[in-house]
Amino acid sequence: MRRVSILAAAAALVCCLAVPALAADKPLTFGLLLVGPYNDKGYSQAQYEGGKYVEEHLAGSKMLYLDKVNPSDRPGFTIPQLVDDLAAKGATLIVAGSDDMKDGIREAAEQHPDLTFIHISGDDVLTGKAPKNLGNVFSRMEYAKMMAGFSAAMTTKTGKIGFLGPLINDETRRLADAAYLGARHAWVNVRGKKAEDLSFKVNWIGFWFNIPGVTSDPGQVAGSFYDQGYDVIISGIDTPEALTVAGSRKKAGADVYALPYDYKEACQGAPDACLGVPYFNWGPPLLSIAKAVTAGTYKPAFDWLAPDFTALNDPDKSPVGFIAGQALSAEAKKALDQFVADLGSGKANLYAGPLEYQDGTVFVKAGQTATDKDIWFAPQLLRGMEGASASK
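Residues numbered from 1 in each chain as written. Predicted model: local features only at pLDDT ≥ 70, side-chain atom pairs only at ≥ 80, totals over all residues. Heavy atoms only, no water.

### What to know about the overall build of the protein chain
The criterion, for reference: A run of H or I in DSSP becomes a helix once it reaches four residues, and a run of E becomes a strand once it reaches two; helices and strands are each numbered from the N terminus. Only C-alpha atoms enter the radius of gyration; for comparison, a globular chain is expected to reach 2.2 Å times N to the power 0.38, where N is the number of residues. We call a residue buried when its accessible area falls under 20% of the maximum for its residue type, exposed when it is over 50%, and partly exposed in between, using a 1.4 Å probe and counting protein chains only. The contact criterion used is simple: two residues touch if any of their non-hydrogen atoms lie within 4.5 Å.
Looking only at helices and strands, the protein chain has 12 helices and 15 strands in total. Rg of the C-alpha trace for the protein chain: 21 Å, near the compact-globule value of 21 Å for 392 residues, within the 12% margin. Referenced to the eigenvectors of the C-alpha coordinate spread, the extents of the protein chain come out at roughly 60 × 45 × 40 Å. When each of the 392 residues of the protein chain is scored for burial, the buried share is 57%. Partitioning the contacts of the protein chain with sequence separation of at least 6, the portion at a separation of at least 24 is 69%.

### Points about the state of the cysteines
Under the convention used in this document: Pairs of cysteine sulfur atoms within 2.5 Å are identified as disulfides in what follows.
Within this structure, the stated rule accounts for one disulfide. Bridging C267 to C274, the disulfide has an S-S length of 2.0 Å. Linking C267 and C274, the disulfide has an S-S dihedral of approximately -55° and is accordingly described as left-handed. Each member of the pair, C267 together with C274, is buried.

### Regarding the sheet that holds strand β1 (residues 29-33)
Let me state the cut-off plainly: Each pair of strands is called paired provided DSSP finds at least two bridges between the two strands. Here, axes are lines fitted to C-alpha atoms. For helices the fit covers the stretch in contact, and angles between N-to-C directions go from 0 to 180 degrees.
An order of β2-β1-β3-β4-β5-β11 is seen for the six strands of this open sheet, with the pairing classed as parallel. The open sheet terminates on both sides in strands that have one partner only, identified here as β2 (62-66) and β11 (302-305). Each strand of the sheet is rotated relative to its neighbour by a mean of 20°, with strand direction disregarded. The sheet contact formed by strand β5 (residues 134-139) and β11 spans four bridges and is parallel. Among the inter-strand pairings, S139 is bridged to a residue of β11, identified as L305. Contacting β3 (93-96), β4 (116-120), β5 and β11, helix α10 (residues 283-295) runs over the sheet at an angle of about 155° to β3.

### With respect to helix α2 (residues 43-57)
Where we set the bar: An expected span of 1.5 Å times one less than the residue number is assigned to each helix.
Spanning 15 residues, α2 covers 21 Å between terminal C-alpha atoms, matching the ideal 21 Å at 1.5 Å per step. Residues of α2 that are buried make contact with β1, β2, β4, β5, β10 (276-280) and α10.

### Quick word on the sheet that holds strand β9 (residues 257-259)
Strand order in the open sheet formed by five strands is β9-β8-β6-β7-β15, and the pairing between neighbours is parallel. At either margin of the open sheet sits one strand with a lone partner, and together these are β9 and β15 (385-386). One ladder, built from six bridges, connects strand β6 (residues 160-165) with strand β7 (residues 199-204); its direction is parallel. Looking at the pairing, G165 lines up with W204 of β7.

### Observations regarding the UniProt feature "domain: ABC transporter substrate-binding protein PnrA-like" (unreviewed entry) in the protein chain
Condition: UniProt positions are given in the numbering used here, feature names are shortened, and annotations may be inferred rather than shown by experiment.
The UniProt record marks residues 31-235 with the feature "domain: ABC transporter substrate-binding protein PnrA-like" (unreviewed entry), using the residue numbering of this structure. Span residues 31-235 is 41% helix and 19% strand, its end C-alpha atoms 28 Å apart.

### Remarks on the environment of S139
Within the fold, S139 resides in strand β5. Sequence spacing of S139 and F280 is 141 residues, and the spatial spacing of their C-alpha atoms is 7.5 Å. The contacts of S139, once residues within four sequence positions are left out, are F280, W282, W304, L305, P319 and V320.

### Some details on the domain arrangement of the protein chain
Going by this rule: As used throughout, domain bounds are those supplied by an automatic or database domain assignment. Two parts placed together each lose some accessible area under a 1.4 Å probe, and adding up what both lose gives the buried area. The term salt bridge refers to a pairing of a side-chain nitrogen on Lys or Arg with a carboxyl oxygen on Asp or Glu at a separation within 4 Å.
Domain parsing of the protein chain yields domain 1 (28-139 + 282-305) and domain 2 (141-279 + 321-386). With centres defined by C-alpha atoms, the gap from domain 1 to domain 2 works out at 28 Å. At the interface, 24 residues of domain 1 touch 20 residues of domain 2. Of the roughly 1700 Å² buried at the junction of domain 1 and domain 2 (both faces included), carbon and sulfur atoms supply 65%. When the buried area of domain 1 at its contact with domain 2 is split by residue, K41, Y43 and W304 rank highest and sum to 31% of it. Taken together, domain 1 and domain 2 are joined by zero salt bridges.

### What about the packing of helix α8 (residues 218-227) against helix α9 (residues 241-251)?
How we decide: Angle categories are assigned with fixed cut-offs, so that under 35 degrees is roughly parallel, over 145 is roughly antiparallel, 65 to 115 is roughly perpendicular, and the rest are oblique. Crossing handedness follows the turn of the near helix against the far one: under a right angle anticlockwise gives a left-handed crossing, and clockwise gives a right-handed one. Classification used: nonpolar for Ala, Val, Leu, Ile, Met, Phe, Trp, Tyr, Cys and Pro, charged for Asp, Glu, Lys and Arg, polar for all others including Gly.
In contact at an axis separation of 8 Å, α8 and α9 are set at 50° when each is read in the N-to-C sense. It follows from the interaxial angle that α8 and α9 lie oblique. For the pair α8 and α9, the crossing hand works out as right-handed. When α8 is examined against α9, the residues P218, G219, A222, G223, Y226 and D227 are found in contact with a partner set consisting of E241, A242, V245, A246 and R249. Tallied by class, the residues present in the contact of α8 with α9 amount to six nonpolar, two polar and three charged.

### Some thoughts on α9
Buried within α9 we find A242, L243, V245, A246, G247 and K250. Where α9 is buried, its residues contact β6, α8, β8 (232-235) and β9. A positive backbone phi angle near 105° is found at G253, which sits one or two residues after α9.

### Digging into the pairing of β5
A large share of β5 lies buried, amounting to six of its six residues. Residues L134, N136 and F138 line one face of β5 and the alternating positions G135, V137 and S139 line the opposite face, and both faces are buried. Sheet topology note: the β4/β5 ladder contains four bridges and is parallel. Considered in β5, the bridge of I118 is made with G135.

### With respect to the pattern of salt bridges
If the charged atoms of two oppositely charged side chains come close together, the side chains can form a pair. Tallied over the entire structure, the rule returns 13 salt bridges. Note that R106 is salt-bridged to D103, the shortest N-O span being 3.4 Å. Linking R106 with D103, this pair stays in helix α4 (residues 102-111), spanning three residues, or about one helical turn. Classification of D103 as exposed rests on a relative accessible area of 54%. D124 is the salt-bridge partner of R106, the closest N and O atoms lying 2.9 Å from each other. Taken together, the residues span a long stretch of sequence, with R106 in helix α4 and D124 in helix α5 (residues 124-127) at a distance of 18 residues. Comparing R106 with D124, the two get one shared label, buried. Several salt bridges converge on common partners, so that one network encompasses D103, R106 and D124.

Here it is, written out as structure tokens:
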């Protein structure tokens, strides 16, 4: 969408003054908190490489990072303790990479009013909970998820698409919803089939990646999808198990596919089974923030960044990308290219009503279009999807 963001406009009402500039002889040192391993070939690696991009493009800048910032890998830790360590090492900008760090990073920001904090995926500025030195940034992955769903529906032979979900919250529901909308659009509008003949099921594992004894095993969940006749899986978790299982099944002769998530190079894990990957490109957004912090012009706000549909996979431009995999047929790729163009021009608006939630309540009325706020705070999966909308 190229309209002005309603969320950004609301956030501007609570935006604070610009943070002070760094001394001219003191290059930026920034800290990055990653929820998973820095080399997970997924969400955390995408952020880590975004930090490396800043180092490469902002003279003298230095990244300090801590990965595996989650209760399983760091039992007993607190976000403020980790921030204290980064601050003691000279970090003046702290970036927290996961939604589940929300409370901790807000507390740390309150304890360090002289530092600048960025929470990726949070919305404390929007809800008015953010201290004056804390901003939010996220990218509109919904559109790349639509592309993933579109590719899946153009490929499936059984009409059964599985979605491997992490934990359940507004973010994960709206991303699953977006994937379904993309799949339904391809199934109905391109392939000419009936919406009710498309099966789109979401199974949640309980966290962003596998924690033995805590989450469901994503490899087993993916295998179960394929055993039940689902021939394409869209991953919503941080790590590549869906594609790994698809690649293994493919080698054994099964006609199955997957779409991993988060990381640009993820298809390399099993290229013959990979239809494509929706991914975050954190370099440009983090560089923009780092430059503003260095200059003293950064104003904490809620920024929800749209893809550059004309330069979707340009590493210096779009904050969100989608790379078609080699397993995507030429026919499907051609249809996908047109779909991307239509999203960019506004010809295809998958958030136009009528749309309903699972329980039949209205998401978007006929003749209307969902607002950014409607999309961001997603209380349920959509009608036509199978799976839980809330944790039991």
